[in-house]
Amino acid sequence: MTAATPPYALTVATSDSGGGAGIQADLKTMTRLGAYGGSVVVAATAQNTRSVTETHVLPTDAIRAQFDAVADDFDVRAVKVGMLAAEPAVDAVADCLAAFDCPVVLDPVLVSTAGDVLLDPDAIDAYDRLFDRSTVVTPNADEAETLTGHRPTDPSGRDAAAGWFLDAGADAVLLKGGHVDRGDGTVRDYLVTDDGTHAFAHDHLDAVPTHGSGCTLSSAIAARLAHGDALPAAVERATDFTHATLRDAADVGANGSVNHLASER
């Protein structure tokens, strides 16, 4: 009997006790998109679909030990970096990423869907070290504006924000359109590289739970990059999958969540 050899993808992020976002969402997504997911837990949250009530950041030695254990035994084909919570954790992750010669998807999680601040202000400046290692950064409009000072709601703002990320060292940036009201019933995400721009469009879904959508999108990109997909193809598959999880959202908790069991159709 021949053993299966799925590509290995690693999520470096924070646990969501409710299961809709964070590492739990990442691992579900990676499994759905055919990657074998591993994890480096940076912090644990007490969290549900309504709020984040407590965050405990692990000591940096514990974060580094998880990286070392994974690097020692697995052929990591892609890394997704999510919520890192505090400056020491950001610095530790930046140091550890040097051990991996593979694509890195950086989701700069600053605030939860429910409005809870998830990143210490001091940690925002430390992100500079992560941009230089990133294959693609996946900010929503609010995150892009906080980091760059430019809100990507029109072509000039989008170009300015994208240019900021590319100048910071990222190979590409995916400016997500879910927080942008364009008035035509369409959500557009823009993948910008030095070679040009790719647009990905989906129907806007009214009044659906979005808890976990950012984590799902970034980990889906990582899963497909682990398979060897080119970046535009990985983003296209990831946006299609994330749209499906929103379209067939899960009625769980008070506010619901994206549904990682949703069927792509």
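Above this text you will find the structure in question.
Keep in mind that this is a model prediction, so the values were computed, not measured.

Each value, and the rule that gives it
Residues numbered from 1 in each chain as written. Predicted model: local features only at pLDDT ≥ 70, side-chain atom pairs only at ≥ 80, totals over all residues. Heavy atoms only, no water. Helix = DSSP H or I, 4+ residues; strand = E, 2+ residues; numbered from the N terminus. Rg over C-alpha atoms; globule rule 2.2 N^0.38 Å. Buried < 20%, exposed > 50% of the residue type's maximum accessible area, 1.4 Å probe, protein only. Contact = heavy atoms within 4.5 Å. Areas by Shrake-Rupley, 256 points an atom, 1.4 Å probe, with all protein chains shown as cover. Lys, Arg positive; Asp, Glu negative; His and termini not counted. Charge placed at Lys NZ, Arg CZ, Asp CG, Glu CD. Patch = residues over 30% accessible without salt bridge, like charges linked within 9 Å, V, L, I, M, F, W, Y side chains within 5 Å. Salt bridge = Lys/Arg side-chain N within 4 Å of Asp/Glu carboxyl O. Expected span 1.5 Å × (residues − 1). Arc of directions from axis to C-beta. Polar contact = N/O pair within 3.5 Å; in protein donor to acceptor, adjacent residues only side chain to side chain. Pairing = 2+ DSSP bridges. Right-handed = clockwise from strand over helix to strand, strands pointing away. Core = buried A, V, L, I, M, F, W, Y, C linked by side-chain atoms within 4.5 Å. Phe/Tyr/Trp six-rings, centres within 6.5 Å; stacked < 30°, edge-to-face > 60°. Lys NZ or Arg CZ within 6 Å of the ring centre and 35° of its normal.

Draft legend 1. Representation of the overall build of the chain within the structure. A count of helices and strands for the chain gives 9 helices and 9 strands. By the compact-globule yardstick of 18 Å for 265 residues, the chain fits well, its C-alpha radius of gyration being 17 Å. Projected onto its principal axes, the C-alpha coordinates of the chain cover approximately 50 × 40 × 40 Å. Per-residue burial for the chain yields a buried fraction of 52% across its 265 residues. Of the contacts made within the chain by residues no fewer than 6 positions apart, 66% connect residues no fewer than 24 positions apart. Accessible surface computed for the chain: about 11500 Å², of which carbon and sulfur atoms make up 47%. The positive charge centre, built from 17 side chains, and the negative charge centre, built from 39, are 7 Å apart in the chain.

Draft legend 2. A look at a negative patch on the surface. On the surface, D132, D167, D171, D194 and D195 cluster together into a negatively charged patch. Examined against the element boundaries, D194 turns out to sit in the loop between β8 (186-193) and β9 (196-203). Overall, the relative accessible area of 69% leaves D194 in the exposed class.

Draft legend 3. View of helix α2 (residues 60-73). The terminal C-alpha atoms of α2 lie 21 Å apart, and with 14 residues this matches the ideal 20 Å at 1.5 Å per residue to within 8%. Looking at α2, one finds that the buried residues are I63, F67 and V70. Looking down the long axis of α2, one finds its buried residues gathered within 65° of arc, a one-sided arrangement. The exposed residues of α2 that point more than 90 degrees off its buried face are D61, D68, D72 and D73. Tucked into the core, α2 has its buried residues touching β1 (8-16), β2 (36-47), β4 (76-81) and α3 (87-96).

Draft legend 4. Quick peek at the side chain of T45. With respect to the helices and strands, T45 occurs in strand β2. A distance of 2.6 Å separates a polar atom in the side chain of T45 from the backbone oxygen of S15. A polar contact of 2.8 Å, which involves the side chain of T45, links it to the side chain of Q47. When near neighbours in sequence (up to four residues on either side) are disregarded, T45 contacts T14, S15, D16, S17, V52, E54, T55 and M83.

Draft legend 5. Molecular detail of unusual backbone geometry. Positive phi, normally seen in glycine, also occurs at A85, with a value near 75°. Here A85 is to be found in the loop between β4 and α3. In this structure A85 comes out as buried when scored by relative accessible area, which is 5%.

Draft legend 6. The arrangement of the pairing of β4 in detail. Within β4, 5 of the 6 residues are buried, leaving the element largely enclosed by the surrounding structure. As paired strands, β4 and strand β5 (residues 104-106) are joined by 3 bridges and run parallel to one another. The residue bridging K80 from the neighbouring strand is V105, located in β5. Considered for its hand, the β-α-β crossover made up of β4, α3 and β5 is right-handed.

Draft legend 7. Spotlight on the nonpolar core. Membership of the largest hydrophobic core comes to 40 residues, with the highest contact counts inside it found for L10, V12, F67, V79 and V93. If one sorts the elements of this core by residue count, α3 sits on top with 6 residues. When near neighbours in sequence (up to four residues on either side) are disregarded, V93 contacts V12, V42, I63, F67, V81, L84 and L130. The next biggest cluster of nonpolar side chains, apart from the first, holds 23 residues, and it includes L174, L217, L231 and A238.

Draft legend 8. Representation of the packing of aromatic side chains. Applying the stated criterion across every chain, the model contains 7 aromatic pairs. Both rings, one in Y8 and one in Y36, keep their centres 5.9 Å apart while their planes meet at 25°; by these two values the pair is stacked. Of the two residues, Y8 sits in strand β1 while Y36 sits in strand β2, which places them 28 residues apart along the sequence. Grouped by ring-pair contacts, the aromatic residues Y127, F131, W164 and F165 constitute a single cluster. The ring of Y190 has R158 sitting right over it, with the charged end atom 3.9 Å from the ring centre.

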